[in-house]
Amino acid sequence: GDQLGPIRSNIPFSSELALGPDLRSPSHLVIDFGDDELTQGRPHPMIDPSLRLERIAMEGDDPSCGVLLLDLILGLGSHPDPAGELAEAIASARAAAAAAGRQLPVVVSLIGVESDPQVLSRCASALQACGASVFVSNAQATRHALSLIYAASAGEDASS
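Here the structure is a predicted model, which means the values were calculated and not measured.

Quick notes on the rules
- The residue count restarts for each chain, going from 1 along the sequence in the order it is written.
- Local features are withheld for residues below a pLDDT of 70 in this predicted model, meaning they are given only at 70 or higher, and side-chain atom pairs are given and counted only at 80 or more; totals for whole chains, interfaces and linings count all residues.
- Water and hydrogen atoms play no part in the side-chain values, which are based on all heavy atoms of the structure.
- In plain words, nonpolar cores are sets of buried Ala, Val, Leu, Ile, Met, Phe, Trp, Tyr and Cys residues tied together by side-chain atoms within 4.5 Å.
- For each residue, the accessible area found with a 1.4 Å probe, counting protein chains only, is set against the maximum for its type, and the residue is called buried under 20%, exposed over 50%, and partly exposed in between.
- Numbering of helices and strands starts at the N terminus; helices are DSSP runs of H or I of at least 4 residues and strands are runs of E of at least 2.
- To define axes, lines are fitted to C-alpha atoms, for helices over the stretch in contact only, and angles between the resulting N-to-C directions are given on a 0 to 180 degree scale.
- Note on angle classes: values under 35 degrees are labelled roughly parallel, values over 145 roughly antiparallel, values of 65 to 115 roughly perpendicular, and the remainder oblique.
- Residue contacts follow a heavy-atom distance rule, with two residues in contact if any of their heavy atoms lie within 4.5 Å.
- Identification of polar contacts relies on pairs of N or O atoms within 3.5 Å, with a donor-acceptor requirement for protein atoms, meaning one able to donate a hydrogen and the other able to accept it, and with residues adjacent in sequence counted only if both atoms are side-chain atoms.

*Asks:* Explain the nonpolar core here, please?
*Replies:* It is characteristic of soluble globular proteins that their nonpolar side chains tend to be buried jointly. Ile-90, Leu-110 and Leu-127 are the most contacted members of the largest nonpolar core, which totals 25 residues. Mapped onto this core, the elements with two or more residues apiece are helix H2 (50–61), strand E3 (68–73), helix H3 (82–99), strand E4 (106–111) and helix H4 (120–129). Looking at which element gives the most residues to this core, the answer is H3, with seven residues.

*Asks:* What exactly am I supposed to notice about the packing of H3 against H4 here?
*Replies:* When two helices pack together, their arrangement is given by the angle between their axes and by how far apart the axes lie. Relative to each other, H3 and H4 sit at 10°, their axes nearing to 8 Å. Classed by the angle they form, the pair H3 and H4 counts as roughly parallel. Between H3 and H4, the residues in contact are Ala-83, Leu-86, Ala-87 and Ile-90 and Cys-123, Ala-126 and Leu-127, respectively.

*Asks:* Sorry if this is basic, but what is going on with the side chain of Arg-102 here?
*Replies:* Within the fold, Arg-102 resides in the loop between H3 and E4. Within polar-contact distance, the side chain of Arg-102 engages the backbone oxygen of Glu-59 at 3.0 Å. At 3.0 Å, the side chain of Arg-102 forms a polar contact with the backbone oxygen of Cys-65. Residue contacts for Arg-102: discarding those within four places in its chain leaves Glu-59, Gly-60, Asp-61, Asp-62, Pro-63, Cys-65 and Ala-97.

This is the structure we're talking about:
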């Protein structure tokens, strides 16, 4: 927020930054798909990522989306192949953006360890294969996403 300005969210730091029920905003935004309001009557997105996958598809079609910053948490009780489904969604969103003549950089914070049932290195490889930049910390991923936003605003190639 200090570097980007106001960030709207379904879990905002202040009420004036709250997203409406459509979870849309022309500004920077953060959506927590694991928030209680979005998980009522459905499994947490670590188990059923369908809401997030639908939103990724929407962002691929949205010309105002400059960078997607995602997290993927591995471990017991999580989806057995979260990177596979996420990689498919990322590839589709990037293809939709490319068909519209734009790039859609995707940055993923991959949280887990090699001994997780989903296997950290296998997940990282699947995500990198679809064009995502993968980091093993939220801070690193966020810094990289910021650098892509700054590069795009300066007119540089955001994919480098």
